[in-house]
Amino acid sequence: MTYQYAYLFDAKLSDRSQERWVSRLEAELSRRHLAGQVLREGAFHGLKELAKEALSKGAATVIIVGNDASLVKVLPVIADANVVIGYIPSEPSMIAKQLSIPEKLEDSVNCLAARFVRQVDLGMVGDRPFLTEVVIRDPKAVLDIGGKYTISCQQNGAMRLVNLMAGSKSDDGELDVFVDVETVKKPLFGSPKPAARTHVKATNGQIKAGGQVRISVDGVELNGSDIAFSVRPNGLKWIVGRRS
């Protein structure tokens, strides 16, 4: 079976310091007969534009070559496209670890060649998709969980809507909602008490604050008010490692 691959290269990989790594990657892809269309991010062509170009040309498999930030940039474009997503990390990657994608170049190409596809949930906050988590640190914010009950957080704490992170399941059709209360003062003697944590599950809800609230979505800072959140079960198809 022939697969049509499109490789989206992050702009950082055009740096001279990355030439050797890129050459090794290209050699490995050729050796494993995984050649495809190569699109490189530049000053006038961002990763989102490259993803749109790849989709317009009928790419069935979109491979992001870069880091976790590269994936976040492309996600709004490919979230609604019926494509398989691959990832070749160019540096240590939390997302690759959660999907059991090896960080060593040769092993990540072998993972791609094996083409073990797994469906992974996709989080939504407002009209923006997210892969890992949403973090809310505003003490005025309240989480309305499906209209059934609300959760709030004290000062020096955080509420997190988690889809793909350590300790969460990314294929159960639910978001993990964590409320962490950080230790404020270190005791005079002994070790500080561990942070208190509340954990519930949710499929949908709303972030309320009576006005603007600042949130972090996949590490990107955003503002909004009365923001709905939800999960799309099996919203993305990923090429993953066998242990994922």
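Values in this document were obtained by computation on a predicted structure and should not be read as measured data.

Chemist: Which residues make up the overall build of the protein, and what values go with them?
Modeler: In terms of helices and strands, the protein carries 5 helices and 16 strands. Scaling as 2.2 N^0.38, a compact globule of 244 residues should have a C-alpha radius of gyration of about 18 Å, and the protein matches this with 20 Å. If one aligns the C-alpha atoms of the protein with their principal axes, the spans along those axes are about 55 × 45 × 35 Å. For the protein, long-range pairs separated by at least 24 residues make up 67% of all intrachain contacts whose partners lie at least 6 apart in sequence. With the model as given, the accessible surface of the protein reaches about 12,500 Å², and the carbon-plus-sulfur share is 49%. The protein carries 32 positive and 28 negative side-chain charges, and their two centres are separated by 3 Å.

Chemist: Would you mind going over the nonpolar core in detail, with residue names and values included?
Modeler: Counting 32 residues, the largest nonpolar core has Leu 8, Ile 64, Tyr 87, Leu 99 and Trp 238 as the members making the most contacts within it. Among the elements of the structure, β1 (5-9), α2 (47-56), β3 (61-66), α3 (68-78), β4 (84-89), α4 (94-98), β5 (117-125) and β16 (227-239) are those that each provide at least two residues to this core. The greatest single-element share of this core, amounting to 5 residues, is contributed by α3. Among the nonpolar cores identified, the runner-up in size contains 23 residues, and Met 159, Leu 161, Val 217 and Ile 227 belong to it.

Chemist: Which residues make up the packing of α2 against α3, and what values go with them?
Modeler: In the contact formed by α2 and α3, the axes pass within 8 Å of each other and the chain directions differ by 45°. It follows that α2 is oblique to α3 by the angle criterion. Crossing hand, α2 versus α3: right-handed. For the pair formed by α2 and α3, the contact residues are Leu 47, Lys 48, Ala 51, Lys 52 and Leu 55 on the first element and Ser 70, Lys 73, Val 74, Val 77 and Ile 78 on the second. For the contact of α2 with α3, the residue count by class is 6 nonpolar, 1 polar and 3 charged.

Chemist: Describe in detail the side chain of Asp 68, supporting the description with residues and values.
Modeler: Along the chain, the position of Asp 68 falls in helix α3. One buried charged residue, Asp 68, remains without a salt bridge, the closest side chain of opposite sign being Lys 97 at 11 Å. Aside from chain neighbours lying at most four places away, what touches Asp 68 is Tyr 87, Ser 93, Met 94 and Ile 95.

Chemist: So what about α3? Which residues, and what values?
Modeler: Where burial is concerned, most of α3 is hidden: 8 out of the 11 residues are buried. Listed as buried for α3 are Asp 68, Ser 70, Leu 71, Val 72, Val 74, Leu 75, Val 77 and Ile 78. One side-chain oxygen of the residue at the start of α3 lies 3.2 Å from the amide nitrogen of Ala 69, identifying that residue as Asn 67.

Chemist: Pulling in residues and values, what's your account of empty space enclosed by the protein?
Modeler: The probe, sized like a water molecule, is rolled over the atoms to show the empty space still left. Scanning the entire structure with this criterion turns up 1 cavity of 30 Å³ or more. One number sums up the size of the largest cavity: a volume of about 30 Å³. Leu 71, Leu 75, Ile 78, Ile 85, Leu 131, Leu 236 and Trp 238 are the residues that line the largest cavity. Here the element with the most residues in the lining of the largest cavity is α3; it accounts for 3 residues. Residues of the lining of the largest cavity, tallied by class, amount to 7 nonpolar, no polar and no charged.

Chemist: Could you give an account of the pairing of β5, with specific residues and numbers?
Modeler: Of all 9 residues that make up β5, 7 are buried, and the element is covered over most of its length. Looking at chain direction, β5 and β16 are connected through 8 bridges and run antiparallel. Across the sheet, Val 125 pairs through a bridge with Phe 229, a residue of β16. The pairing of β5 with strand β6 (residues 128-130) spans 3 bridges and is classified as antiparallel. Considered in β6, the bridge of Met 124 is made with Pro 129. With antiparallel pairing between neighbouring strands as the criterion, β5 and β6 make up a hairpin whose turn holds 2 residues, including Gly 126 at a positive phi of roughly 65°.

How each quantity is defined
- Residues numbered from 1 in each chain as written.
- Predicted model: local features only at pLDDT ≥ 70, side-chain atom pairs only at ≥ 80, totals over all residues.
- Heavy atoms only, no water.
- Helix = DSSP H or I, 4+ residues; strand = E, 2+ residues; numbered from the N terminus.
- Rg over C-alpha atoms; globule rule 2.2 N^0.38 Å.
- Contact = heavy atoms within 4.5 Å.
- Areas by Shrake-Rupley, 256 points an atom, 1.4 Å probe, with all protein chains shown as cover.
- Lys, Arg positive; Asp, Glu negative; His and termini not counted.
- Charge placed at Lys NZ, Arg CZ, Asp CG, Glu CD.
- Core = buried A, V, L, I, M, F, W, Y, C linked by side-chain atoms within 4.5 Å.
- Buried < 20%, exposed > 50% of the residue type's maximum accessible area, 1.4 Å probe, protein only.
- Axes fitted to C-alpha atoms, helices over the stretch in contact; angles between N-to-C directions.
- Parallel < 35°, antiparallel > 145°, perpendicular 65-115°, else oblique.
- Left-handed = near helix turned anticlockwise from the far one by under 90°.
- Nonpolar A, V, L, I, M, F, W, Y, C, P; charged D, E, K, R; others polar.
- Salt bridge = Lys/Arg side-chain N within 4 Å of Asp/Glu carboxyl O.
- Polar contact = N/O pair within 3.5 Å; in protein donor to acceptor, adjacent residues only side chain to side chain.
- 1 Å grid on protein atoms, 1.4 Å probe; cavity = no way out; pocket = protein on both sides within 12 Å on 5 of 7 lines; lining within 4 Å.
- Points joined across faces, edges and corners; volume = space filled by probe spheres on them.
- Pairing = 2+ DSSP bridges.

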